[in-house]
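# An overview of the molecular structure
Okay, here's what each chain looks like letter by letter:
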Amino acid sequence: MLRRVSKPANKWHQIRNHRLFAPVTSLIIFITFLVFVSGRVRQQPGSITDPPNQKRYSYSSSVELHPTVEYRSGTDIIWQIPKSPKAVLFLAHGCNGRAMNFWDKSPECPKCVGLPEERLITLHALSHKFAVVAISSVGECWSLGEERNVVKETIRWWVQKHKLDTLPLTALGASSGGYFVSALAMDMKFNSIVTMIAEGVFHRFKIPDAYPPTLFVHMPKDSSRLQLVRKNLESLRQKGVDVAEIECMEFPLTPNLLSDRIPEVNASVSVHLFELFRKNGIIDERGYMVKDGRATRWKDALKDEKVPSLVQNDLFHHIQEELNLAYAYHEMTSLQMDQILDWFESHMK
Ligand SMILES: *[C@@H]1O[C@H](CO)[C@@H](O)[C@H](O)[C@H]1NC(C)=O
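Per an unreviewed UniProt entry, the protein goes by the name Secretion-regulating guanine nucleotide exchange factor and belongs to Stephania japonica.

## Details of empty space enclosed by the protein
Applying the stated criterion across every chain yields a total of 2 cavities of 30 Å³ or more. As a volume, the second largest cavity reaches approximately 30 Å³. If you trace the second largest cavity, you find it lined by Ile197, His218, Met219, Asp222, Arg225, Leu226, Tyr329 and His330. Looking at the lining of the second largest cavity residue by residue, the classes come out as 4 nonpolar, 2 polar and 2 charged.

## Re the pairing of strand β7 (residues 214-218)
Extensive coverage of β7 is indicated by the burial of 5 of its 5 residues. Residues of β7 alternate between two faces, with Thr214, Phe216 and His218 on one and Leu215 and Val217 on the opposite face, all of them buried. Judged from the 4 bridges that link them, strand β6 (residues 192-196) and β7 form a sheet pairing that is parallel. Its bridge partner being in β7, isoleucine 193 is matched across the sheet by threonine 214. Across 5 bridges, the pairing between β7 and strand β8 (residues 243-247) is parallel. By the bridge assignment for β8, phenylalanine 216 is matched with glutamate 245.

## Considerations on the packing of aromatic side chains
Scanning all chains against the criterion turns up 7 aromatic pairs. Ring geometry for phenylalanine 130 against phenylalanine 344: centres 5.9 Å apart, planes inclined by 45°, an arrangement best described as tilted. Placement of phenylalanine 130 in strand β4 (residues 130-135) and of phenylalanine 344 in helix α12 (residues 337-345) is noted, with a sequence separation of 214 residues between them. With centroids separated by 6.2 Å and ring planes inclined at 65°, the aromatic side chains of phenylalanine 202 and phenylalanine 216 adopt a geometry described as edge-to-face. Taken together, the positions of phenylalanine 202 in the loop between β6 and β7 and phenylalanine 216 in strand β7 put the pair 14 residues apart, joining distant regions of the chain. Of the two residues, phenylalanine 202 and phenylalanine 216, both sit in the buried class.

## Quick look at the side chain of asparagine 324
Relative to the helices and strands, asparagine 324 resides in helix α11 (residues 316-327). When its relative accessible area of 2% is taken as the criterion, asparagine 324 is described as buried. Excluding residues that lie within four positions of it along the chain, asparagine 324 makes contacts with Asp292, Gly293, Arg294, Tyr329, His330 and Glu331.

## Some words on the state of the cysteines
This model, assessed by the stated rule, comprises 2 disulfides. The side chain of cysteine 95 participates in a disulfide bridge whose partner is cysteine 141; the two sulfur atoms lie 1.9 Å from each other. Disulfide cysteine 95-cysteine 141: the torsion about the S-S bond is 120°, which places it as right-handed. Here cysteine 95 is found in the loop between β3 (87-92) and α3 (116-127), whereas its partner cysteine 141 is found in the loop between β4 and α4 (146-161), with 46 residues between them in sequence.

Reading guide: rules and limits
Residues numbered from 1 in each chain as written. Predicted model: local features only at pLDDT ≥ 70, side-chain atom pairs only at ≥ 80, totals over all residues. Heavy atoms only, no water. 1 Å grid on protein atoms, 1.4 Å probe; cavity = no way out; pocket = protein on both sides within 12 Å on 5 of 7 lines; lining within 4 Å. Points joined across faces, edges and corners; volume = space filled by probe spheres on them. Nonpolar A, V, L, I, M, F, W, Y, C, P; charged D, E, K, R; others polar. Buried < 20%, exposed > 50% of the residue type's maximum accessible area, 1.4 Å probe, protein only. Helix = DSSP H or I, 4+ residues; strand = E, 2+ residues; numbered from the N terminus. Pairing = 2+ DSSP bridges. Phe/Tyr/Trp six-rings, centres within 6.5 Å; stacked < 30°, edge-to-face > 60°. Contact = heavy atoms within 4.5 Å. Disulfide = S-S within 2.5 Å.

Written as structure tokens, this is what we have:
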């Protein structure tokens, strides 16, 4: 769909190389490009291209979350297989995450949490006919020793049990999960992987020649990590590994952001919170987060105002995740799922 290039992966490279587009004459191609990069362009308040504030998600609304929860090798394994799956996606959470974050609380999974970005990742993947399997780390974060072997075995067992072993295998890990996935791929065959807000552990292992195509989805505001991502990306490229990156930029909150992205928050609560955040200086006059959600005393502002349903439903983490995402320093993100799935789908052979 973009300019014809010799290697399909080049279109990913182009996300970062605007100059390549200078000679491009076709208006259609240019528009396609704009759509492509909109995820990394700093959004202006009220901009119609602002991706997080639109209700039109690119997953099919007929997709529903129906997980199966199992317990194996001392941890949770939660999965869902769509009709006629075309690939398998293994999801690895970050520190303090759980497999339960990727599905909504339901009778099938009473302990599920359904964090907003995690559940959207699952919905997008299912909508694209990916069988999704998430495993919880045994500790707070993933470890790179024996846990790697245990998870490899668990994935192999699960894929064979459900007769999915002939399908392409992909993985997406965020933060600690990104390190974990980058290590898992050293000796487990993936068609491609995504490491999100993590530069990977490439300095700790000898990178095999057959290392899978690797997409780095990162937040450049974290400038020390940015350096590491660039360094690892370059060393993988020099090894002949197909690599690309997507930069995730900050964006302003809007009154409807929280209700658009968190099913349990309705529009009036969302508008109320937006005004509260503005009044308390948690967002600036344009709607941008002044500090990271974790470093902000936004919970105190909530307590004063008593938004009881939020306390009752324990939606603090849901809201915090969206605030962190808007600040774009270090958070799970589903905003780039179209590009991520495109990456997986273009490396399936
Ligand atoms: C929105 O949610 C709050 C808290 O649960 C509730 O009090 C309020 O009635 C809801 N508003 C609408 C319009 O549904």
